[in-house]
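Coordinates in review
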Amino acid sequence: MITTVTKVEAPAVRARAVDLKLEPKQSAQRALPDINTIRKAIPPHCFVPSTWRSLSYVARDLAMAAALGYAALTYIPSVSSPAYRTLLWTAYGFLQGLVGVGIWILAHECGHGAFSVHRRLNDFVGWVLHSALGVPYFSWKFSHARHHRFTGHMQKDMAFVPKTTPSWFTRSLGQSLSSFMDQDVLEDAPLVTLLRLLGQQLGGWQIYMLFNSTAGDDSMQRDAPWYRRSHFDPFSGVFRPSEALYVFISDVGLALVGAALYYGSQALDWQTVFLLYGVPYLWVNHWLVAITYLHHTHEDVKHYDGKTWNFVAGALATVDRDFGIIGRNLFHGIIDTHVVHHLFSRIPFYHAEEATNAIKPLLGDLYHVDERSFMGQLWETTKSCQYVEEDPSNPGVLIWSK
């Protein structure tokens, strides 16, 4: 197996324990801690992954996925009532989607080198798990490393870079309805928020994979037209020439999974395969888009232009949120401990809570956390955080338009 390693330095963070609101001006004037100072606040063992512990989580999650699949395939078709059968398939898709997110996160650990100290093992496990979920492992690994490297950078970040003007959809709709409704009112209209949210949650992942959407204008590794910015194209502008072979290997993994799904549909039927794999696939991508969006989109989180951005400021422009027992267990804490993850992406997820607690006293009000309802905030954030504008008191710093 060919391996590659993309190193991403982890910078310093900002801390805040339980309260939601930041004092923006106060935080902007406060000097950011040095990354080494933050590192020293974390117990050294938090940086050390355990291969066997990581593999045990892989075994656990795959066992849960297999058990759900076996139960669904064995028992649901025998249910005579169409209503009950539909209800059971719906429940299966939702639960398998939750388990699938956990598997996705374990492959994510591999991409960061937090799974084990063995690079080949990390890449092999990550390639297998992500391929099974329809994710091009190496392609994602490369672009995701650059997202970590340039988080919060308006030109170079690779994910959820905010707009600086109202969206094309809102502007176009506003022009059509200008005789009946003011655009400011339209931006907050529930129907507009719902349509934007549905588009993001149902197609956001696929559009990002195909066109590198929501990335900064200067995030490309080489000039390329819009149709050559795919994560599946070895010669895409998203990647360096030296990465082409690994992108191809990612595509091979997806082709093998595609072949397995084809032969599975021949042995069963395409409807059953869609219920077993397709519906959980949609749920997995829904959760991942929502998680990433809410980690990097919050009324108190700033963004920076190229002149004011630095790694520490960008890493601190993230938010920890709460998703209860599902987030802490099935999702491996990815929602709850994202700030420290952006500071030190090689910290294994099972040490991330301890590391977070260690840096909170140092970071103080530089640490962002929002403990309100995760799903409720998905709606509220989509409605309130639509585009950014320059902070009049801090040139080069962009804040969400009110």
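None of the values given here were measured: they were computed from a predicted structure. (Residues numbered from 1 in each chain as written. Predicted model: local features only at pLDDT ≥ 70, side-chain atom pairs only at ≥ 80, totals over all residues. Heavy atoms only, no water.)

Here we come to the pairing of strand β5 (residues 397-400). As a general feature of sheets, a regular strand has side chains that alternate between the two faces. The pairing of strand β1 (residues 303-304) with β5 spans 2 bridges and is classified as antiparallel. Within β5, the residue paired with Y304 across the bridge is V397. Where strand β4 (residues 388-390) and β5 come together, 3 bridges link them in antiparallel fashion. Paired with E390 across the bridge in β5 is L398. From the end of β4 to the start of β5, which pair antiparallel, there are 6 residues, and G396 there has a positive phi angle of about 90°. (Pairing = 2+ DSSP bridges. Helix = DSSP H or I, 4+ residues; strand = E, 2+ residues; numbered from the N terminus.)

If you walk across this open sheet you meet the 3 strands as β1-β5-β4, and the pairing is antiparallel. Each of the sheet's edge strands pairs with one partner strand only, and the pair in question is β1 and β4.

A cluster of nonpolar side chains, contributed by L191, L194, L195, L198 and L202, occupies part of the molecular surface with about 480 Å² of accessible area. Inspection of the secondary structure puts L198 in helix α9 (residues 190-211). Exposure remark for L198: the relative accessible area of 42% places this residue in the partly exposed category. (Patch = residues over 30% accessible without salt bridge, like charges linked within 9 Å, V, L, I, M, F, W, Y side chains within 5 Å. Areas by Shrake-Rupley, 256 points an atom, 1.4 Å probe, with all protein chains shown as cover. Salt bridge = Lys/Arg side-chain N within 4 Å of Asp/Glu carboxyl O. Buried < 20%, exposed > 50% of the residue type's maximum accessible area, 1.4 Å probe, protein only.)

Further remarks concern helix α5 (residues 119-132). Between its first and last C-alpha, α5 extends 20 Å over 14 residues, near the 20 Å set by a 1.5 Å rise per residue. Along α5, the positions that sit buried rather than exposed are N122, D123, V125, G126, W127, L129, H130 and S131. Summarising the contacts, the buried residues of α5 are in contact with α3 (51-75), α4 (82-112), α6 (137-149) and α10 (244-267). One or two residues past the end of α5 sits G134, with phi positive at roughly 80°. (Expected span 1.5 Å × (residues − 1). Contact = heavy atoms within 4.5 Å.)

For any two helices packed against each other, one specifies the crossing angle of their axes together with the interaxial distance. Between α3 and helix α15 (residues 349-363), whose axes approach to 10 Å, the crossing angle comes to 115°. Taken together, the axes of α3 and α15 are roughly perpendicular relative to one another. Every residue of α15 that contacts α3 at R53, S54 and Y57 is listed here: F349, Y350 and H351. A per-class count over the contact of α3 with α15 returns 3 nonpolar, 2 polar and 1 charged. (Axes fitted to C-alpha atoms, helices over the stretch in contact; angles between N-to-C directions. Parallel < 35°, antiparallel > 145°, perpendicular 65-115°, else oblique. Nonpolar A, V, L, I, M, F, W, Y, C, P; charged D, E, K, R; others polar.)

Where α4 meets α6, the closest approach of the two axes is 10 Å, and the angle between their N-to-C directions is 70°. Viewed along their axes, α4 and α6 adopt a mutual orientation that is roughly perpendicular. As α4 packs across α6, the resulting crossing turns out to be right-handed. Here W104, A107, H108, C110, G111 and H112 of α4 lie close against α6, whose contacting residues are Y137, W140, K141, H144 and H148. Tallied by class, the residues present in the contact of α4 with α6 amount to 5 nonpolar, 5 polar and 1 charged. (Left-handed = near helix turned anticlockwise from the far one by under 90°.)

Mapped onto the secondary structure, W379 falls in helix α16 (residues 374-384). W379 sits 185 residues away from L194 along the chain, and the two C-alpha atoms are 8.1 Å apart. If we ignore the near neighbours within four places in the chain, the residues touching W379 are P190, T193, L194 and L197.

Okay, the packing of aromatic side chains next. A complete count under the given rule lists 24 aromatic pairs for this structure. An angle of 80° between the planes, with centres 5.1 Å apart, marks the rings of F94 and W283 as edge-to-face. Note that F94 is positioned in helix α4 and W283 in helix α11 (residues 270-296), a separation of 189 residues in sequence. For W283, a relative accessible area of 29% corresponds to the partly exposed category. In this arrangement the basic side chain of R149 is found over the ring face of F150, its NZ or CZ atom lying 4.9 Å from the centre. (Phe/Tyr/Trp six-rings, centres within 6.5 Å; stacked < 30°, edge-to-face > 60°. Lys NZ or Arg CZ within 6 Å of the ring centre and 35° of its normal.)

Moving on, we come to the nonpolar core. Residues V101, W104, F331 and F374 are the most contacted members of the largest nonpolar core, which totals 51 residues. With 9 residues, α4 is the single largest residue contributor to this core. Aside from chain neighbours lying at most four places away, what touches V101 is V284, W287, L288, I291 and F331. Counting 19 residues, the second-largest nonpolar core is a separate cluster that includes I38, V339, F344 and V369. (Core = buried A, V, L, I, M, F, W, Y, C linked by side-chain atoms within 4.5 Å.)

Its 24 residues place the ends of α10 35 Å apart at the C-alpha level, agreeing with the 34 Å of an ideal helix rising 1.5 Å per residue. Here α10 has its buried residues at A244, Y246, V247, I249, S250, D251, G253, L254, V257, G264 and S265. Those residues of α10 that are buried are in contact with α5, α6 and α11.

Turning next to unusual backbone geometry. Unlike most non-glycine residues, F160 shows phi in positive territory, near 50°. Turning to its location among the elements, F160 is positioned in the loop between α6 and α7 (168-176). The phi torsion at H332 lies on the positive side, around 55°, for a residue other than glycine. As for its placement among the helices and strands, H332 is situated in the loop between α13 (324-330) and α14 (338-343).

All right, on to the pattern of salt bridges then. For side chains of opposite charge, pairing can occur when their charged atoms come near one another. Throughout the structure, instances matching the rule amount to 10 salt bridges. Salt-bridge contacts for D123 lead to K141; the nearest nitrogen and oxygen are separated by 2.9 Å. Of the two residues, D123 is situated in helix α5 and K141 in helix α6; the sequence distance between them amounts to 18 residues. The pair D123 / K141 is uniform in exposure class, with both members buried. Among the ionic pairs, R372 bridges to D370, the shortest N-O distance being 2.8 Å. By relative accessible area, which is 34% here, R372 ends up partly exposed. The class for D370 is buried, based on a relative accessible area of 0%. Residues joined in a network through salt bridges with shared partners are E299, R321, D370 and R372.

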